[in-house]
Amino acid sequence: MLKKIIITLSIIFGIFVLVVAGGFIYLLHGNKEVLNLEINPIVLDNIEDGTYKGEFNGYRWSNKIEVIIENHKIIEIRIIDDMTFKRDEVSNELFDQVIEEQSLEVDGVSEATISCNAYLKAIEDALDED
């Protein structure tokens, strides 16, 4: 009887370890790639009024956004489909910076560099003229 309990507890512990390890792998997968993304500058002078959709596909940071342009200025950025673990305060602060600076060359949000890079890449995608 004791042997069955030990085997059962060992199996349960093993499953627990696998689930925890899998969770860490999921959380960290792609971390370095998204952290090191190159964000290219945008030129708003050539962009007509309208709503432009962009997306970034990168692991748990994948997102889709809309950028609204009026008189060659970004006036609003909306999230259509957010990343897996979103933090509204990060996207709100970042989007405010982009709108204020009219540029993707912003400081971003402290301790949220990877999320900021993913959002900036989606904005770049929306406004890329290529």
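Small disclaimer: the values here were computed from a predicted structure and weren't measured.

S.K.: Any chance you could explain the overall build of the chain here in plain terms?
M.R.: Counting its regular elements, the chain contains four helices and three strands. When the helices and strands of the chain are listed from N to C terminus, the series reads α-α-β-β-β-α-α. Taken over C-alpha atoms, the radius of gyration comes to 21 Å for the chain, far larger than the 14 Å a tight globule of 130 residues would show. Counting only C-alpha atoms, the chain reaches 80 × 25 × 25 Å along its principal axes. Across the 130 residues that make up the chain, the buried fraction comes to 35%.

S.K.: It is not clear to me how the packing of helix α3 (residues 88-101) against helix α4 (residues 113-127) should be interpreted in this structure. Could you clarify?
M.R.: A pair of packed helices can be characterised by two numbers: the angle between their axes and the separation between those axes. Contact geometry of α3 with α4 gives a least axis separation of 10 Å together with a crossing angle of 50°. Taken together, the axes of α3 and α4 lie oblique to each other. You can see that α3 and α4 cross each other, and the crossing is right-handed. Residues V90, S91, L94, F95 and V98 of α3 form the contact with α4, whose participating residues are S115, C116, Y119, L120 and I123. Taken together, the residues of the contact of α3 with α4 sort by class into eight nonpolar, two polar and no charged.

The rules behind these values
Residues numbered from 1 in each chain as written. Predicted model: local features only at pLDDT ≥ 70, side-chain atom pairs only at ≥ 80, totals over all residues. Heavy atoms only, no water. Helix = DSSP H or I, 4+ residues; strand = E, 2+ residues; numbered from the N terminus. Rg over C-alpha atoms; globule rule 2.2 N^0.38 Å. Buried < 20%, exposed > 50% of the residue type's maximum accessible area, 1.4 Å probe, protein only. Axes fitted to C-alpha atoms, helices over the stretch in contact; angles between N-to-C directions. Parallel < 35°, antiparallel > 145°, perpendicular 65-115°, else oblique. Left-handed = near helix turned anticlockwise from the far one by under 90°. Contact = heavy atoms within 4.5 Å. Nonpolar A, V, L, I, M, F, W, Y, C, P; charged D, E, K, R; others polar.

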